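One-letter residues, chain by chain:
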Amino acid sequence: MSMGTAEVALQVLSGAGPRLLTSDMCFGNVYSTYPSSFHSKCTKKRTSEHMNFLRCSNMLRSHIGPKQFKGLGCGVFGDTAVNRFQLLSCKCQQAESVSGLTAEDGNGTWFVDSAKKLNLNGVSNSTNILEFEDVQQSEQEKKGLTSNGVVGTARDTMHKASVDSIEDEAWNLLRDSMVYYCGSPIGTIAANDPTSSNVLNYDQVFIRDFIPSGIAFLLKGEYDIVRNFILHTLQLQSWEKTMDCHSPGQGLMPASFKVRTVPLDGDDSATEEVLDPDFGEAAIGRVAPVDSGLWWIILLRAYGKSSGDLSVQERVDVQTGIKMILRLCLADGFDMFPTLLVTDGSCMIDRRMGIHGHPLEIQALFYSALLCAREMLAPEDGSADLIRALNNRLVALSFHIREYYWIDLRKLNEIYRYKTEEYSYDAVNKFNIYPDQISPWLVEWMPNKGGYLIGNLQPAHMDFRFFSLGNLWSVVSSLATTEQSHAILDLVEAKWADLVADMPFKICYPALEGQEWQIITGSDPKNTPWSYHNGGSWPTLLWQFTVACIKMNRPEIAARAVQVAERRISKDKWPEYYDTKRARFIGKQACLFQTWSIAGYLVAKLLLADPSAAKILITEEDSELVNAFSCMISANPRRKRGRKDSKQTYIV
Ligand code: GLC
């Protein structure tokens, strides 16, 4: 690469240079799918400080009637609900014509196929498969079913047929949720519930919600939508964004965006499509979506690995996009810890839930994104410092999380006996944790076998709640050690009735109740105990759970969870979340036909059918990092504290 990073970045910011929407992204697709009488162009326009859109104008010749217009994926303004239906009806047509694919074979043959294919770490997992069959058998026995061959076969066939129809339904719903821009698919709408009039922002494409959709499409070999999503969201990254005259850091990715059809300036007969991003400046609570950029990097790597098309990640604009996210995350601040400091609600839990500071979910995604970026960054003189900072952070971050976030029975007992107020370099209780913080529930709950990473760590504060996504993604990304990763899955198995129960997977455990709920959530009526983010159960988490289980060669655990979900998820119309301690109710305010519930289920099924495909999401710890990590442990940081020369750079 001849152009320096700074130069490229400048060009990006000024709107010049090679990164702007290229013709192949918009023109190519548009002309191949639009009739010739339809003229489309994509322009980037900064309308005002507060509203910045990516535009694709569709100039309609007067002889094109509204019907044809509708069929081209361009809604008209008016009643929102009607508008949504119009958009959806044309999307279905588009889905067929663009992809030319049909929803095909489901997978009812998981046991057989997976036993053959699962060989991620060179170890066949046939024992686990057999164990799972045993579990199934005993479940059937519990229900009073015979294992008689004939009855079994008939029942199996019926079961397979019903599972196949759930998958077919899920694929149809996922395709119906596709959102088009300039005639090309660029994402999926968050929820597509035809019976609901209260859509809030669920009619938008959320970055985090699209990840399972994108993975499902990748696993199905449909790469275009993911490529378009990656490139269009990249365009939004460098948009000017302000809230009350303040701009967040460059590199921030939006939480969501919407395709709007607006009249073209000065021309009544024409409309244009615009991409309207929300960086948190309109979101409830004005929360900053820290996870968006991290997920974007993870999806970018998955796209390359799955499609084999590395040209996207090699593009100058994409490389710049990666670096902008990294610079924002790696910027120096006041922090004493290598973990990323964020405000409350900066991730999947996007409301006040007491997760400000250093929540595990963000740290796991951060670590994962750093590893993925490291793999994709082109070696270039200008980025040597960035790569050095990235490597150092990876080592420090994994040390910090593995050491200080980990708890199991032994560690809990250690904390229980902690001395406090230790002013010294070699304090055992570094964060001054008062043993009284160990809540009675935890003493009872912690199994003899198993452990997990706590939700958050700050001075004098350990948030002992179990947060699923953070733990699962720590397994997937190898932020947790192999031993810890197995222990996390052991804990899930031991606490199945709490974490999976009637619908996988509890977002966190336990719920905040009483005064704690009042103080920590601000008496949030949406986050009442065992609802929504406060101990609700989210089917979408099934996909991350499946990747984690596959990585640890224990897919049978995920398969059990999928079976639990299959019992009711389709009948219940694919809710966003479930309520109550055992996930018995559809969530109080849950959207139905929530896209990431649908996509999460599909990804889980696809991966269980072909576990080796999970490698597009998994990152293994590399030997350089392992060496650096052991250097760090054996270097006994306590003794060297304060001496300048002890600050080693492990990887250059
Ligand atoms: C809720 C969830 C958030 C999700 C959004 C769209 O706000 O908390 O994680 O992205 O809905 O589904």
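Placed above this text is the structure.
Report on the accompanying structure. (Residues numbered from 1 in each chain as written. Predicted model: local features only at pLDDT ≥ 70, side-chain atom pairs only at ≥ 80, totals over all residues. Heavy atoms only, no water.)

Okay, the pairing of strand β7 (residues 267–278) next. Sheet faces and side chains relate simply in a regular strand, where the side chains alternate between the two faces. Most of β7 is tucked away: nine of the twelve residues are buried. If you look at the hairpin formed by strand β6 (residues 256–264) and β7, you'll find two residues sitting between the two strands, and G266 has a positive phi there, around 70 degrees. (Buried < 20%, exposed > 50% of the residue type's maximum accessible area, 1.4 Å probe, protein only. Helix = DSSP H or I, 4+ residues; strand = E, 2+ residues; numbered from the N terminus. Pairing = 2+ DSSP bridges.)

This part covers the site of the ligand. The local shell around the ligand consists of A190, Y202, F206, R208, D209, M348, D350, Y532, H533, E576, Q594 and W596. One of the backbone nitrogen or oxygen atoms of M348 is found 2.7 Å away from an oxygen atom of the ligand. Taking H533, its side chain carries an N or O atom lying 2.7 Å from an oxygen atom of the ligand. In the complex, the protein chains occlude 96% of the 300 Å² of accessible area that the ligand would expose alone. (Near = heavy atom within 4 Å. Polar contact = N/O pair within 3.5 Å; in protein donor to acceptor, adjacent residues only side chain to side chain. Areas by Shrake-Rupley, 256 points an atom, 1.4 Å probe, with all protein chains shown as cover.)

Before going further, it helps to examine the environment of I166. With respect to the helices, strands and loops of the structure, I166 is situated in helix α7 (residues 149–176). Residue I166 is classed as buried on the basis of its relative accessible area of 9%. With 404 residues separating them in the primary sequence, I166 and S570 have C-alpha atoms 6.5 Å apart. Once residues lying within four places of it in the same chain are set aside, the contact partners of I166 are E566, S570, W574 and Y601. (Contact = heavy atoms within 4.5 Å.)

Another aspect to go through is the nonpolar core. With 168 residues, the main nonpolar core has W296, I322, Y452, F464 and F545 as its most contacted residues. No other element matches the twelve residues that helix α13 (residues 360–376) contributes to this core. (Core = buried A, V, L, I, M, F, W, Y, C linked by side-chain atoms within 4.5 Å.)

Turning to the packing of helix α9 (residues 224–237) against helix α12 (residues 316–330), a few remarks are in order. One can describe the packing of α9 onto α12 by two numbers: an axis separation of 10 Å at closest approach and a directional angle of 55 degrees. Viewed along their axes, α9 and α12 adopt a mutual orientation that is oblique. Where α9 crosses over α12, the handedness of that crossing is left-handed. Of the residues in α12, those touching α9 at L231, L234 and Q237 are D317, V318, G321, M324 and I325. Residues belonging to the contact of α9 with α12 are distributed by class as follows: five nonpolar, two polar and one charged. (Axes fitted to C-alpha atoms, helices over the stretch in contact; angles between N-to-C directions. Parallel < 35°, antiparallel > 145°, perpendicular 65-115°, else oblique. Left-handed = near helix turned anticlockwise from the far one by under 90°. Nonpolar A, V, L, I, M, F, W, Y, C, P; charged D, E, K, R; others polar.)

Next up on the list: the packing of aromatic side chains. Here the structure, examined in full by the defined rule, presents 22 aromatic pairs. For the ring pair W445 and Y509, a centre distance of 4.7 Å and an interplane angle of 15 degrees mean the geometry is stacked. With a gap of 64 residues between them, W445 in helix α16 (residues 440–445) and Y509 in strand β13 (residues 508–509) connect regions that are remote in the sequence. For the pair shown, W445 and Y509 are each scored as buried. Seen in terms of ring centroids, Y452 and F466 are 5.3 Å apart; in terms of plane orientation they differ by 75 degrees. Their pairing is edge-to-face. Here the residue Y452 occupies a position in strand β9 (residues 451–453), and F466 occupies one in strand β12 (residues 466–467), the gap between them amounting to 14 residues. Of the two residues, Y452 and F466, neither departs from the other in class, the shared state being buried. Cluster of aromatic residues (ring-pair linked, three or more members): W441, W445, Y452, F466, Y509 and W530. Cation over ring: R560 sits above W496, and NZ or CZ is 4.2 Å from the ring centre. (Phe/Tyr/Trp six-rings, centres within 6.5 Å; stacked < 30°, edge-to-face > 60°. Lys NZ or Arg CZ within 6 Å of the ring centre and 35° of its normal.)

Geometric descriptors of this kind do not, in isolation, establish any biological role.
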